[in-house]
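Each chain is listed here by its residues.
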Amino acid sequence: MLYFKVSGLYLFRSEEAWPFALLLNMFISWIGAAALYFCPESPRWLLLNQFKSSRHSDELQPLIIDDAIIKEPSRKALSKLRGTVDVDVELNEMLRERAKLEDSSDGGNVSILDLIKLKNPVWKWPLIISIVLISNQQLCGINAIMYYTTELFVQAGLDDNTISIATVGIGTVTTMMSIVTILNVDRLGRRFFLLASYSLMTCATILLTISLTSSGAAWSYLSILFVYLFIFGFSPGPGAMTFVVIPELWTQGPRPAAMAFAGQFNWWSNFTVGLAFPFMLEGLGGYSFLVFTLFLFLTVVFVYFIVPETKNKTFTEIVTSFQQNRFTSSKKIDYIEIGNR
């Protein structure tokens, strides 16, 4: 993102140069594809899918680390991923999940229809949380800023040169906060980033509304600061934690269906914001971001009362946390899938 904003400002600013900017996407895709060669296969997928014993077998494979397991690609991939050969505990956890899948009637194959019907009652709150978090990643207004940054700054009264430089600053803030998030996600936890980010973004949209509806050169430049504040909040929380928390809410069986189903809400929310914001900007002017303020505030409340901390927790522990939460507890749980991420 930062690279293309900078190159668009200095290298490909003319209309004739834009086709070359688009051509760069091909080379970047090639680099990404080449990098995949050095990435290990998912250890969990290898263990749960490539080396399943028959569900019709009378004896379950022992849940211990033996020579056969050591030779499996899953162990090699996990050791490469963790940078250590001491992966016995984590591999044992995956083996328990594997045994559970083998013992289930469907072999762990869950369809989107199974998910919607809540075939397993404990999927209820993970599904609700997945839909809310991934929808509000877009309904928070991030792409109203990303898609219409220029129009936004024009309304703030900034000149073309200032707008170009300010746009590059958005990519810079995004890159910096991504690095900060990577370094601190396992230390501070998922809930911290979600709560802090959505709270900061709520304040940023209020301040941005004030700056866009106030006159004076100072308010025009403050609008840049408030946009940066919004991006500063978005990157670690909705930008990163959404796709960390949601997979951690699910075991291997329903996870693919859950991610596919939730992804539809993400794209439709993206489509809605991208389509509606120009009309909002035309009709509401500087007050447009108050609509996003409402979604942001409601998300803060939802995360505070509903979303559990998923860092280093098993699926069973997460389900237990729902039962201990007076807002999400239910009197009946039919069965629980045992497993970890």
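Right above here is the structure, for reference.
The rules we used
- Residues numbered from 1 in each chain as written.
- Predicted model: local features only at pLDDT ≥ 70, side-chain atom pairs only at ≥ 80, totals over all residues.
- Heavy atoms only, no water.
- Buried < 20%, exposed > 50% of the residue type's maximum accessible area, 1.4 Å probe, protein only.
- Helix = DSSP H or I, 4+ residues; strand = E, 2+ residues; numbered from the N terminus.
- Expected span 1.5 Å × (residues − 1).
- Bend = angle between axes of the 7 residues up to and from the residue.
- Phe/Tyr/Trp six-rings, centres within 6.5 Å; stacked < 30°, edge-to-face > 60°.
- Salt bridge = Lys/Arg side-chain N within 4 Å of Asp/Glu carboxyl O.
- Contact = heavy atoms within 4.5 Å.
- Axes fitted to C-alpha atoms, helices over the stretch in contact; angles between N-to-C directions.
- Parallel < 35°, antiparallel > 145°, perpendicular 65-115°, else oblique.
- Left-handed = near helix turned anticlockwise from the far one by under 90°.
- Nonpolar A, V, L, I, M, F, W, Y, C, P; charged D, E, K, R; others polar.

## Side note on unusual backbone geometry
Of note in this structure, Leu118 is not a glycine but carries a positive phi near 55°. For Leu118, a relative accessible area of 30% translates into the label partly exposed.

## Focus: helix H15 (residues 255–284)
Look at H15: 40 Å from first C-alpha to last across 30 residues, which is about the 44 Å you get at 1.5 Å a residue. Its maximal kink placed at Ala276, H15 deviates by approximately 35°, while the proline Pro278 follows within four residues. Two residues or fewer after H15 comes Gly285, characterised by a positive phi angle close to 60°.

## Digging into the environment of Phe322
Relative to the helices and strands, Phe322 resides in helix H17 (residues 315–324). For Phe322, a relative accessible area of 4% corresponds to the buried category. Separated by 15 residues in the primary sequence, Phe322 and Val307 place their C-alpha atoms 8.8 Å from one another.

## Notes on the packing of aromatic side chains
Applying the stated criterion to the full structure yields nine aromatic pairs. Each residue in the set Phe277, Phe289 and Phe292 is aromatic and connected to the rest through ring pairs, giving one cluster.

## Comments concerning the pattern of salt bridges
All told, the structure shown has one salt bridge when counted by the stated rule. Between Arg190 and Glu248 there is a salt bridge, with its nearest N and O atoms 2.6 Å apart. With a gap of 58 residues between them, Arg190 in helix H12 (residues 190–212) and Glu248 in helix H14 (residues 237–248) connect regions that are remote in the sequence. Like Arg190, the residue Glu248 is buried in the burial classification.

## As for the side chain of Ser211
On the secondary structure map, Ser211 appears in helix H12. The residues touching Ser211, leaving out its near neighbours within four places in the chain, are Trp219, Ser223 and Phe226.

## Brief notes about the environment of Leu229
Its location among the elements puts Leu229 in helix H13 (residues 217–234). Expressed as a C-alpha distance, the spacing of Leu229 and Thr205, which sit 24 residues apart in the sequence, is 9.1 Å. With residues near it in sequence (within four places) discarded, Leu229 still touches Leu200, Ala204 and Leu207.

## Digging into the packing of H12 against H13
Interaxial distance between H12 and H13 falls to 8 Å at its minimum, and their mutual angle equals 165°. One way to sum up the angle between H12 and H13 is to call them roughly antiparallel. The element H12 and its partner H13 pack so that their crossing is left-handed. Taken together, the residues of H13 that come into contact with H12 (itself represented by Ser197, Leu200, Met201, Ala204, Thr205, Leu207, Leu208, Ile210, Ser211 and Leu212) are Trp219, Ser223, Phe226, Val227, Leu229, Phe230, Phe232, Gly233 and Phe234. A breakdown of the residues in the contact of H12 with H13 according to their chemical character gives 14 nonpolar, five polar and no charged.

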